[in-house]
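Architecture at a glance
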Amino acid sequence: MSQVFIALQANEETRPIIEAIEADNPAARISREPAMVRIEAPGRLVIRRETIEENLGRDFDLQEIHINLITLSGHVDEDDETLTLHWDR
Amino acid sequence: MQIDLRTVTIEPQRQAFDHLVRRFGDKPASRYQEGTYDIQAAENLHYRPTWAPDQELYDPAITRIAMRDWYDLKDPRQFFYNTYTLTRARQQESAEANFKFIESRGLAGLIPPAIRDRALAVLVPLRHVAWGANQNHTFVCGYGYGAAFTQPNIYQALDSLGIAQYLSRIGLMLGGTEALATAKQAWLQDEAWQGLRRYVEDCLVTRDPFELFIAQNIALDGLLYPLVYGAMVDGVWATEGGSTIALATQFMADWFDETRKWADAVVKVAAAESAANREVLAGWIDHWSGRAFEALLPIARLGLGEQGEAVMDERRADLAARLAKAGLKR
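Right, let's walk through the structure included here. Please read all numbers here as calculations on a predicted model, not as lab measurements.

Further remarks concern the pattern of salt bridges. Scanning the entire structure with this criterion turns up 28 salt bridges over all chains. One salt bridge connects Glu64 of chain A with Arg58 of chain A, and the closest N-O pair in it is separated by 3.2 Å. A residue is classified by how much of its surface remains accessible, and Arg58 of chain A, at 40% relative accessible area, is partly exposed. With its nearest N and O atoms 3.9 Å apart, the salt bridge here joins Arg198 of chain B to Asp202 of chain B. Of this pair, Arg198 of chain B and Asp202 of chain B both sit in helix H7 (residues 191-204), four residues apart, which is roughly one turn of that helix. By relative accessible area, Asp202 of chain B is classed as partly exposed at 25%. Residues joined by salt bridges that share partners form a network here, namely Asp75, Arg77, Arg88, Asp159 and Glu258 of chain B.

We now examine empty space enclosed by the protein. Residues and elements named next belong to chain B. The tally for this structure, following the rule as stated, stands at three cavities of 30 Å³ or more. Contributing to the lining of the largest cavity are 13 residues, with Leu126, Val129, Ala130, Leu224 and Tyr225 lying nearest its centre. For the lining of the largest cavity, the leading source of residues is helix H8 (residues 209-237), giving five residues. In this model, the second largest cavity occupies a volume close to 50 Å³. Lining the second largest cavity, in full, are Gln156, Asn217, Asp221, Trp255, Phe256, Thr259, Arg260, Ala263 and Arg322. Residue assignment for the lining of the second largest cavity shows that the elements contributing at least two residues are H8 and helix H10 (250-273). Sorting elements by how many residues they give to the lining of the second largest cavity places H10 first, with five residues.

Bringing the packing of aromatic side chains into the picture now. The relation between two aromatic rings is expressed through the spacing of the ring centres and the mutual angle of the planes. All names here are of chain B. Applying the stated criterion to the full structure yields 20 aromatic pairs over all chains. Judged by centre distance (6.3 Å) and plane angle (85°), the rings of Tyr32 and Tyr37 are edge-to-face. Classification of Tyr37 as buried rests on a relative accessible area of 6%. Following the ring pairs from residue to residue traces out a cluster consisting of Trp70, Phe149, Phe210, Phe213 and Trp262. The ring of Phe99 has Arg169 lying over it, and the distance from NZ or CZ to the ring centre is 4.3 Å.

To continue, consider a negative patch on the surface. Where like charges cluster on the molecular surface, the negative patch consists of Asp61, Glu78, Asp79 and Asp80 of chain A. Position of Asp61 of chain A relative to the elements: it lies in the loop between helix H2 (49-56) and strand S5 (69-73).

All right, on to H7 of chain B then. Residue and element names in this part refer to chain B. Here H7 is 14 residues long and its end C-alpha atoms lie 21 Å apart, about the 20 Å a rise of 1.5 Å per residue gives. If you check which residues of H7 are buried, you get Trp193, Leu196, Arg197, Tyr199, Val200 and Cys203. Projected down its long axis, H7 shows its buried positions confined to an angular sector of 155°, all on one face. Exposed residues pointing more than 90 degrees away from the buried face of H7 are listed as Glu191 and Arg198. On its buried side, H7 packs onto helix H4 (113-123), helix H5 (126-143), helix H6 (147-189), H8 and helix H11 (275-304).

Counting 91 residues, the largest nonpolar core has Leu123, Leu126, Leu196, Phe210, Phe213 and Trp237 of chain B as its most contacted members. Ranked by the residues each element gives to this core, the list is headed by H8 of chain B, at 19 residues. Ignoring sequence-local partners within four residues, the contact set of Trp237 of chain B consists of Ile115, Arg118, Ala119, Val122, Leu123, Met232, Gly242, Ser243, Ile245 and Gly303 of chain B. The next biggest cluster of nonpolar side chains, apart from the first, holds 21 residues, and it includes Ile18, Ile47, Ile52 and Leu62 of chain A.

Looking now at the interface of chain B and chain A. The interface is formed by 11 residues belonging to chain B together with nine residues belonging to chain A. Interface of chain B and chain A: buried area, both sides summed, is about 830 Å²; carbon and sulfur atoms make up 44% of it. Applying the counting criterion to the chain B and chain A interface returns zero salt bridges. Linking chain B to chain A there are five residue pairs in polar contact (both at pLDDT 80 or more). Residues of the side of chain B that touches chain A, tallied by class, amount to four nonpolar, three polar and four charged.

Time to look at the pairing of strand S2 (residues 29-33) of chain A. Bridging between S2 of chain A and strand S3 (residues 36-42) of chain A involves five bridges; their strand directions are antiparallel. Paired with Ser31 of chain A across the strands is Arg38 of chain A, a residue of S3 of chain A.

So, about the pairing of S3 of chain A. Residue and element names in this part refer to chain A. Summarising burial for S3: five of the seven residues are buried, a large majority. Two strands pair when backbone bridges link them, and strand S1 (residues 3-9) and S3 are joined in this way by seven bridges, in the antiparallel orientation. The partner of Phe5 across the bridge, within S3, is Glu40. Adjacent in sequence and paired antiparallel, S2 and S3 are bridged by two residues, among which Ala35 carries a positive phi angle near 65°.

Quick notes on the rules
- Residues numbered from 1 in each chain as written.
- Chains lettered and ligands numbered in written order.
- Predicted model: local features only at pLDDT ≥ 70, side-chain atom pairs only at ≥ 80, totals over all residues.
- Heavy atoms only, no water.
- Salt bridge = Lys/Arg side-chain N within 4 Å of Asp/Glu carboxyl O.
- Buried < 20%, exposed > 50% of the residue type's maximum accessible area, 1.4 Å probe, protein only.
- Helix = DSSP H or I, 4+ residues; strand = E, 2+ residues; numbered from the N terminus.
- 1 Å grid on protein atoms, 1.4 Å probe; cavity = no way out; pocket = protein on both sides within 12 Å on 5 of 7 lines; lining within 4 Å.
- Points joined across faces, edges and corners; volume = space filled by probe spheres on them.
- Phe/Tyr/Trp six-rings, centres within 6.5 Å; stacked < 30°, edge-to-face > 60°.
- Lys NZ or Arg CZ within 6 Å of the ring centre and 35° of its normal.
- Patch = residues over 30% accessible without salt bridge, like charges linked within 9 Å, V, L, I, M, F, W, Y side chains within 5 Å.
- Areas by Shrake-Rupley, 256 points an atom, 1.4 Å probe, with all protein chains shown as cover.
- Lys, Arg positive; Asp, Glu negative; His and termini not counted.
- Charge placed at Lys NZ, Arg CZ, Asp CG, Glu CD.
- Expected span 1.5 Å × (residues − 1).
- Arc of directions from axis to C-beta.
- Contact = heavy atoms within 4.5 Å.
- Core = buried A, V, L, I, M, F, W, Y, C linked by side-chain atoms within 4.5 Å.
- Buried area = accessible area lost by both parts, 1.4 Å probe.
- Polar contact = N/O pair within 3.5 Å; in protein donor to acceptor, adjacent residues only side chain to side chain.
- Nonpolar A, V, L, I, M, F, W, Y, C, P; charged D, E, K, R; others polar.
- Pairing = 2+ DSSP bridges.

So, in structure tokens, the structure goes:
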């Protein structure tokens, strides 16, 4: 299956986001490269606001993710609660 | 000529300190984890304190709550020095701006006298309660165990001092220096305040740090903040022309919303640890929230008149619902 991926800057702000992705996507593979963290998953990757908030201890607007987003691949489905990357429906 | 730009990844020999790797696995640790976990001095303390020879210097057995690992009581906000001071500095700036706005536009003079008098009668004596909260949190930090639990308490102590200062400032703004002297007399002598004063003073001599944490953060603050800053300031006074006061107390309302989540998380984890903990916690909560309810009734009447009692009943139901969520259903 094709891989979707998202790459985020490696810093304190993205740590709770990465932990949330790790918790919500058991199939995801996380590789820490210089100054960035790349997360790959087969076919589908879900980022949930609720899980990030649990890790962060405050309210989180999913749009905040774009401040530290480097790149991504896959079709993007985005609403207030989740950001989903996928290749097929 | 062609320049090929590429990066070489060098695997660090260690991702984090050994004690953090043991807890969280071999991955980079957050600054909160580095600044919190296993910081508490636990070994090499050869002397018992001369002022209390029956206990260790840092003794988890001072409280009746027992935890296998005190670091389970982590702060969901993940405050350590840096994140805490940055957050509060931002809030301080916006509070300053609010006060400046009120002063530059002469808004204090536009508050109807009846509301101003009620605000002076309720808010200014509360600075003595906030000072008591400062003492109590400092005690919990000093005698509690495990940096995950004690660290947020010293921040809470600093916040309480800040709140006392904001309340003083509101007093000065609405009634000059005289307001502070009058409020102190009310705190010392007025019948309405004696229940609350007694509550605060009994807290000051409570020796169990976890019990004190419950008495202050859950029982007292859990009723007082929604009553004063929710029902009075934002609810009734604002609709009667006193919205200026809401502008001046915005920090307190925001602060309670934020710190409540931390207090709930601590209670939830401690209650889930064992049936014995749950029993002890439930007993303390019954005892202290009952007393806090009684102590706050006259204050509710002072600020809300006739509706005071009904509003207090709502606050008590809210607190019970909050505690049920944390796993303490009564």
